[in-house]
Amino acid sequence: MMKLYHFLRLIRTMNLVVIAVTMGVFQKFITRGTYIDLLQADFLLLVLSTLLIAAAGNIINDYFDVKADRVNKPELLIIDKYIKRRWAILFNWVFNSIGLCIALYLGWKYQDWMIPLIPFICINVLWFYSMYFKRTFFAGNFLVAILTGLVPVYVLIFNDPLSPVFVTNTWLFASFAFGTNLVREIVKDVADIKGDLLLGSKSIPIKWGLDNTRYLLFALTILLLVGMIGVMVILFQFLPEMILHAPQQIVALILISLAVLVTFCSLFFLPSFPNRRKYLMAANLLKLAMLFGLLIPLFI
């Protein structure tokens, strides 16, 4: 039973739940279907394929991070402590293989080569990210942010909607996910600086120094807030109409307001180095803000 618990920790079960929920939200938004429609077999296969590849990426990330994790978070170490390295590699290969095979089947069925191409690219990006790019200047942060923003776009590609409104809005939310996760990844680099130094990493806080990295984080977070507040102001202009004709859209306004509030609160934790716990708190707040934002399509 403990092996199963640590395996679920290894694959980041809660992160996988967030991915599945995000895909479900955008499937409902793009198709304008019911919640029952989310149980359509091909869409569930798409979700399964994505989750398997994401789980494999989490495993290989921990596989290459064992040395740093012994310094940054020894209490959370899984590989070598609870799960052998050879089993981790085996799970990675099996999950990637099954996930890619499902995507190939869906691509063949819908005659759309983009459906399997994106998972194939993601598998390779996740491997090389964990092995090399994670410890390079900015590239690792950028790649993870791109993969995060790709989740709603992948659902868009699977459905291929004709309406430009759904295409534009999906790309807007994907950009929000990209921006939020980019800031979050840099925050995590600051929190993990001790272990990254041990591995010879060239992360932003190591190359630029902590003060310059804090200035960058403040600038990126403010930029993110400006975009979110802009959307919130636009929604407020339609508040009377929402109350009369579309009361569910008030929930969307509440969600964007919560995302703004949580993102703003994360700023207060940024000057707190070397307190690693506070930087992780900022990273978790940004993750919560992203979750609020990605739920908005359910109510518009």
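Per-chain numbering applies: the sequence of each chain, read as written, is numbered from 1 onward. Under the rules for a predicted model, residues below a pLDDT of 70 receive no local features and side-chain atom pairs below 80 are neither given nor counted, while totals for whole chains, interfaces and linings still include all residues. The basis for every side-chain value is the complete set of non-hydrogen atoms in the structure, without hydrogens or water.

**Q** Where do I start with the pattern of salt bridges in this structure?
**A** One side chain can pair with another of opposite charge once the charged atoms of both are near each other. Salt bridge, as used here, is a side-chain nitrogen of Lys or Arg placed within 4 Å of a carboxyl oxygen of Asp or Glu. Counting across every chain of the model gives four salt bridges. Its salt-bridge partner being D42, residue K109 comes within 2.8 Å of it at the nearest N-O pair. Separated by 67 residues along the polypeptide, K109 in helix α5 (residues 85–110) and D42 in helix α3 (residues 41–64) bring together distant segments of the chain. When the shortest N-O distance is used, the salt bridge between E185 and K188 registers 3.4 Å. You can see E185 and its partner K188 sitting in helix α8 (residues 164–191), three residues apart, about one turn around the helix. Runs of H or I in DSSP of at least four residues are treated as helices and runs of E of at least two as strands, each being numbered from the N terminus.

**Q** How should the side chain of Q27 be read in this particular structure?
**A** You can see Q27 is positioned in helix α2 (residues 13–31). The class for Q27 is buried, based on a relative accessible area of 7%. For Q27, the contacting residues outside a window of four places in its chain are R32, L38, F43, V155, F158 and N159. Exposure classes here rest on a 1.4 Å probe applied to the protein chains alone. A residue is buried below 20% of its type maximum, exposed above 50%, and partly exposed in between. Any two residues whose heavy atoms approach within 4.5 Å at even a single point are treated as in contact.

**Q** Can you help me understand the nonpolar core in this one?
**A** General note: in soluble globular proteins, nonpolar side chains tend to be found buried as a group. Judged by nonpolar contacts, the single largest core of 73 residues is most densely connected at M23, F26, L46, F95, V187 and L217. Take this core: its biggest share by element is eleven residues, from α3. Once you skip the residues sitting within four places of it in the chain, F95 turns out to touch F7, I11, L52, A55, A56 and I59. Among buried residues, those of type Ala, Val, Leu, Ile, Met, Phe, Trp, Tyr and Cys that are joined through side-chain atoms within 4.5 Å constitute a nonpolar core.

**Q** Just to check I follow, could you spell out the packing of helix α13 (residues 249–266) against helix α14 (residues 276–295) for this structure?
**A** In helix packing, the relevant descriptors are the interaxial angle and the interaxial distance, both defined with respect to the helix axes. Put simply, α13 and α14 touch, their axes get as near as 8 Å, and they point 165° apart. Compared by their axis directions, α13 and α14 come out roughly antiparallel. Seen from above, α13 lies across α14 with left-handed handedness. Of the residues in α14, those in contact with L255, L258, A259, V262, T263, C265 and S266 of α13 are A282, L285, L286, L288, A289, F292, G293 and L295. Classification convention: Asp, Glu, Lys, Arg as charged; Ala, Val, Leu, Ile, Met, Phe, Trp, Tyr, Cys, Pro as nonpolar; all other residues, Gly among them, as polar. Of the residues in the contact of α13 with α14, the class split is twelve nonpolar, three polar and no charged. Simply put, an axis is a line fit to the C-alpha atoms, just over the touching stretch for a helix, and the angle between two N-to-C directions goes from 0 to 180 degrees. When describing relative orientation, an angle under 35 degrees is termed roughly parallel and one over 145 degrees roughly antiparallel, while 65 to 115 degrees is termed roughly perpendicular and anything else oblique. Less than a right angle of anticlockwise turn of the near helix away from the far helix marks a crossing as left-handed, whereas a clockwise turn marks it as right-handed.

**Q** Would you mind showing me how to read the confidence of the model for the protein chain here?
**A** The predicted structure's coordinates, where accompanied by low pLDDT, should not be read in detail. Every residue gets a pLDDT, meaning the predictor's confidence in that residue, from 0 to 100. When pLDDT is averaged along the protein chain, the result is 87; 93% of the residues meet or exceed 70. When pLDDT is averaged over each element of the protein chain, α5 comes out on top at 94 and helix α4 (residues 66–72) at the bottom at 64.

**Q** Even after reading the chapter, I still don't get the packing of aromatic side chains, so can you show me in this structure?
**A** Given two aromatic rings, one states the distance between the centres and the angle between the planes to describe the pair. Any two of the Phe, Tyr and Trp rings considered here, Trp counted by its six-membered ring, make a pair once their centres fall within 6.5 Å; the pair's planes then place it as stacked at under 30 degrees, edge-to-face at over 60, or tilted in between. If you walk through the whole model with that rule in mind, you get 17 aromatic pairs. On the basis of an interplanar angle of 90° and a centroid distance of 5.3 Å, the ring pair of Y63 and F64 is categorised as edge-to-face. Using a relative accessible area of 17% as the deciding quantity, one classes Y63 as buried. Here F142 and F178 contribute two aromatic rings whose centre-to-centre distance is 5.7 Å and whose plane-to-plane angle is 80°, an arrangement assigned as edge-to-face. Here F178 lies in helix α8 and F142 lies in helix α7 (residues 139–159), a separation of 36 residues in the sequence. Residue F142 is classed as partly exposed on the basis of its relative accessible area, which comes to 35%.

**Q** Would you explain α2 in this entry?
**A** Each full turn of the α-helix corresponds to 3.6 residues, which orients residues three or four apart in the same direction. Helix length check: α2 (19 residues) gives 27 Å between terminal C-alpha atoms against 27 Å at 1.5 Å per residue, within 8%. Looking only at α2, the buried set comprises L16, I19, T22, M23, G24, V25, F26, Q27, K28, F29 and I30. Where α2 is buried, its residues contact α3, α7, α8 and α14. Phi turns positive one or two residues past the end of α2, at R32, with a value near 55°. A helix's residues, less one, multiplied by 1.5 Å, set its expected span.

**Q** What exactly am I supposed to notice about the packing of α2 against α7 here?
**A** Following both chains from N to C, one finds α2 and α7 inclined at 40°, their axes separated by 9 Å at the closest point. By the angle between their directions, the pair α2 and α7 is classed as oblique. α7 is crossed by α2, and the crossing has right-handed handedness. On α7, the residues that touch I19, T22, M23, F26, Q27, I30 and T31 of α2 are V151, P152, V155, L156, F158 and N159.

**Q** Help me out: how do you make sense of the environment of N159 in this one?
**A** You can see N159 is positioned in helix α7. We classify N159 as partly exposed; its relative accessible area is 22%. In sequence terms N159 and K109 are 50 residues apart; their C-alpha atoms lie 13 Å from each other. Not counting residues up to four positions away in its chain, the partners in contact with N159 are Q27, I30 and T31. Polar contacts involving the side chain of N159 include one to the side chain of Q27, which spans 2.7 Å. Engagement of the side chain of N159 in a polar contact is seen with the backbone oxygen of V155, the distance being 2.8 Å. Identification of polar contacts relies on pairs of N or O atoms within 3.5 Å, with a donor-acceptor requirement for protein atoms, meaning one able to donate a hydrogen and the other able to accept it, and with residues adjacent in sequence counted only if both atoms are side-chain atoms.

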